[in-house]
Amino acid sequence: MAQFVDWDLAAATAGALGKSGPRVSYAEATEVVSELRRLTDEAAGHVADYTGLRSQVVHPPVRVVDRRDWAATNIAGLREVITPLVSRLSGDKRPGPLTEAVGSRLTGVQAGTVLAYLSGRVLGQYEVFSGDPGQLLLVAPNIVEVERKLGADPRDFRLWVCLHEVTHRTQFTAVPWMRAYFLGEVQAFVDASQGGEHLLERLRRGVATLSDAVKDPESRASVLDIVQTPAQRAVLDRLTALMTLLEGHAEFVMDGVGPQVIPSVESIRAAFNRRRETGNPLEKAIRRLLGVEVKMRQYAEGRKFVHGVVERVGMEGFNKIFGSPLTLPRLDELGDPDAWVARVHGPAATPTAG
């Protein structure tokens, strides 16, 4: 079977290029890990009470990881998804041994470079690729580094991060079909491509584009170049709508719960928003290429949509959004909560202008 990425080399590259974390003693590191685990459990209770959503499946406990472990976990997850897709696209046809060896190793180095960069910035993640129903990861060195830079109260900032990430875990475990739906859309994106070998080459260029941007902030290429067909754009619209909903919901929950349990939440939110909006030229280039600029808009647009729906039909009414893939918001409904309410709840549930 053709190998798209030398995954072992990707992991080695990510480990070698990843930056070391902030200086902490062994006792401090142990305390951080223990507190993050405890705050995850606390956050789970707050999220369940606030949203009315409760896990319907058994999920593994939170994993508190360092940067190298975060990169390794994501490489393992990507390997689980990409390897069978590449097999389908290539029809198990192997390129020449030299082409395969050089291509997979080059892509491995490039992928490892990108993951090394991200490993120093991600605070937490609900990783869904490597197993069902997924795994909650908290990246301890990054959390400590950011709380120090913001001058935030450690306990308050850590709980604030946990509220956001536990909400993501709840979305996938209280809605058992969510993971299969998400992975199905990834499959649909591949199926909508024009020619397997052509897509593989575009995927390679997409990875190379990200890797180049890490080293050259003046790069103007975009990973969206791999989107080539109307059918792929339709899938991308559905994925964009889903991710905007999930991110906005997590933001809405953390801001809704925060004032009740986090005394310094207002100053944390203000400082964190300023951090999102600033950055050096390299960080800005990476944000654009990785879609982080889009993700920032998703936070704001998604939070506004969730707030609008809850304002109209309450939290229980909002939770109908998780009834099935058919009740998820369409892309054009994200800016028009009334349209989603009318479609899912019926026109009578939509307030009329007075």
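Okay, so let's go over this structure. (Residues numbered from 1 in each chain as written. Predicted model: local features only at pLDDT ≥ 70, side-chain atom pairs only at ≥ 80, totals over all residues. Heavy atoms only, no water.)

Here helix H2 (residues 26–51) crosses helix H6 (residues 154–173) at 55°, and the two axes come no closer than 8 Å. In terms of their interaxial angle, H2 and H6 are classed as oblique. Seen along the crossing, H2 lies across H6 with a hand that is right-handed. Each of Glu31, Val32, Glu35, Leu36, Leu39, Thr40, Glu42, Ala43, Ala44, His46 and Val47 in H2 lies in contact with H6, whose residues at this interface are Arg155, Arg158, Leu159, Cys162, Leu163, Val166, Thr167, Arg169 and Thr170. (Axes fitted to C-alpha atoms, helices over the stretch in contact; angles between N-to-C directions. Helix = DSSP H or I, 4+ residues; strand = E, 2+ residues; numbered from the N terminus. Parallel < 35°, antiparallel > 145°, perpendicular 65-115°, else oblique. Left-handed = near helix turned anticlockwise from the far one by under 90°. Contact = heavy atoms within 4.5 Å.)

A word on unusual backbone geometry. Trans is the common state for peptide bonds, and a negative phi is the common state for residues other than glycine. The linkage connecting Asp132 with the following residue, Pro133, adopts the cis geometry, with an omega of 10°. Structurally, the position occupied by Pro133 is in the loop between strand S2 (124–127) and strand S3 (135–139).

Relative orientation of the contacting elements helix H7 (residues 178–191) and helix H9 (residues 230–261) amounts to 150°, with a least axis distance of 9 Å. In terms of orientation, H7 and H9 fall into the roughly antiparallel class. Once H7 is placed against H9, the crossing between them reads as left-handed. For the pair H7 and H9, contact is made by Met178, Tyr181, Phe182, Glu185, Ala188 and Phe189 and by Gln232, Val235, Arg238, Leu239, Leu242, Met243 and Leu246, respectively. Its residues assigned to classes, the contact of H7 with H9 comprises 10 nonpolar, 1 polar and 2 charged. (Nonpolar A, V, L, I, M, F, W, Y, C, P; charged D, E, K, R; others polar.)

Summed over all chains, the structure comprises 17 salt bridges. Notably, a salt bridge pairs Asp49 with Arg54, separated by 3.2 Å at the nearest N-O pair. Assessed through its relative accessible area of 61%, Asp49 is described here as exposed. Linking Glu147 and Arg158 is a salt bridge whose minimum nitrogen-to-oxygen distance equals 2.7 Å. In this pair, Glu147 is assigned in helix H5 (residues 140–150) and Arg158 in helix H6, connecting sequence segments 11 residues apart. One salt-bridge network, in which partners are shared between bridges, spans Glu31, Glu35, Arg38, Glu42, Glu147, Arg155, Asp156 and Arg158. (Salt bridge = Lys/Arg side-chain N within 4 Å of Asp/Glu carboxyl O. Buried < 20%, exposed > 50% of the residue type's maximum accessible area, 1.4 Å probe, protein only.)

With the rule as written, the count across this model stands at 9 aromatic pairs. With a centroid separation of 6.4 Å and an interplanar angle of 80°, the aromatic rings of Phe305 and Trp340 are classed as edge-to-face. Of this pair, Phe305 sits in helix H12 (residues 292–318) while Trp340 is found in helix H13 (residues 337–345), placing the two residues 35 residues apart along the sequence. Trp340 shares its class with Phe305; the two are buried. A ring pair is formed by Phe318 and Phe322, whose centres lie 5.9 Å apart and whose planes are at 90°; its orientation type is edge-to-face. With respect to class, Phe318 is no different from Phe322; both count as buried. Ring pairing ties together the aromatic residues Phe157, Trp160 and Phe272, which thus form one cluster. We note Arg121 situated over the ring of Tyr117; from NZ or CZ to the ring centre the distance is 3.8 Å. (Phe/Tyr/Trp six-rings, centres within 6.5 Å; stacked < 30°, edge-to-face > 60°. Lys NZ or Arg CZ within 6 Å of the ring centre and 35° of its normal.)

This is a description of form; function is not addressed.
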